[in-house]
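Structural features, examined
Listed below are the residues making up each chain.
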Amino acid sequence: SGPGSQAIGLLGSGLGGVSAGAAAGLGAVAVAAYAVVKGLQDGVQGFLDYNDSLKELQALTGITNDKLNLFEDQILRVSKIELGGAKIVSSLSDVAIAFKLVAGAKPELLKSSAALADVTEKAVVLSKASGLDLKTSVEALTVTLGQFNLASSESARVINALAQGSIIGAAEIP
């Protein structure tokens, strides 16, 4: 009783003398056309969300268009993380939002797109591994880095410690 069944039913009733097989075939075409249009709409919406996220990142950070291009390269890289043979794939929009959250929490990382990307990547990994939303993972990572005055290069160690603490029950990831 989804769009395909409705399309087949409408086609079948509207074509009267046409065989049920032909109506079903036309229904399948209608379903395929719907899927293509829906896919295009989702793709366009994803692109618009990504652009909005980039504009928010630029507005929050005050970075120039040239520097934004460097961040875009890093966002693309972080959207496809390979870790121990596993692939972690995130939408460009989600990664751009994560960059914005990390930059807001640790503005000193704006000096280096690579350092910002590294911390953001670790927050994405923490989010996927823990099942937490990205905002919570960013907060857990950046707060811990700040509390212990750790460099961004310590991000991997921090997410491992947070995960271990959660596994053994010492503490939940905040």
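The following paragraphs examine the structure supplied in this document. These numbers come from a predicted model, not from an experiment.

How each quantity is defined
Residues numbered from 1 in each chain as written. Predicted model: local features only at pLDDT ≥ 70, side-chain atom pairs only at ≥ 80, totals over all residues. Heavy atoms only, no water. Helix = DSSP H or I, 4+ residues; strand = E, 2+ residues; numbered from the N terminus. Expected span 1.5 Å × (residues − 1). Buried < 20%, exposed > 50% of the residue type's maximum accessible area, 1.4 Å probe, protein only. Salt bridge = Lys/Arg side-chain N within 4 Å of Asp/Glu carboxyl O. Contact = heavy atoms within 4.5 Å. Polar contact = N/O pair within 3.5 Å; in protein donor to acceptor, adjacent residues only side chain to side chain. Axes fitted to C-alpha atoms, helices over the stretch in contact; angles between N-to-C directions. Parallel < 35°, antiparallel > 145°, perpendicular 65-115°, else oblique. Left-handed = near helix turned anticlockwise from the far one by under 90°.

A few words on helix H4 (residues 92-105). A rise of 1.5 Å per residue sets the reference length of H4, with its 14 residues, at 20 Å; its end C-alpha atoms lie 20 Å apart and thus fit the reference within 8%. Turning to H4, its buried residues are Ser-93, Val-95, Ala-96, Ala-98, Phe-99, Val-102 and Ala-103.

Before going further, it helps to examine the pattern of salt bridges. Evaluation of the coordinates by the stated rule reveals 6 salt bridges. Residues Lys-100 and Glu-56 are paired through a salt bridge, measuring 2.7 Å at the closest nitrogen-oxygen approach. Of the two residues, Lys-100 sits in helix H4 while Glu-56 sits in helix H2 (residues 20-61), which places them 44 residues apart along the sequence. For Glu-56, a relative accessible area of 38% gives the class partly exposed. The salt bridge involving Arg-157 is made with Glu-154; its shortest N-O contact spans 2.5 Å. Judged by relative accessible area, Glu-154 falls into the partly exposed class, the value being 25%.

With that out of the way, let us pick up helix H6 (residues 134-147). Across its 14 residues, H6 extends 20 Å between first and last C-alpha, which sits within 8% of the 20 Å expected from 1.5 Å per residue. Listed in full, the buried residues belonging to H6 are Leu-134, Thr-136, Ser-137, Val-138, Ala-140, Leu-141, Thr-142, Thr-144 and Leu-145. Contacts made by the buried residues of H6 are with H4, helix H5 (113-130) and helix H7 (155-167). Two or three places before Lys-135, at the opening of H6, Asp-133 has a side-chain oxygen 3.1 Å from that residue's backbone nitrogen.

So, about the side chain of Ser-137. Assignment of secondary structure puts Ser-137 in helix H6. Once residues within four sequence positions are removed from consideration, Ser-137 is found in contact with Ala-123, Leu-126, Ser-127, Ser-130 and Leu-132.

The geometry of H6 relative to H7 is characterised by a closest axis approach of 10 Å and an angle of 115° between their N-to-C directions. In terms of their interaxial angle, H6 and H7 are classed as roughly perpendicular. For H6 against H7, the interelement crossing comes out right-handed. Taken together, the residues of H7 that come into contact with H6 (itself represented by Ala-140, Leu-141, Thr-144 and Leu-145) are Ser-155, Val-158, Ile-159 and Leu-162.

The next point concerns the environment of Gly-146. Note that Gly-146 resides in helix H6. A C-alpha to C-alpha distance of 9.1 Å links Gly-146 and Ala-105, two positions 41 residues apart in sequence.

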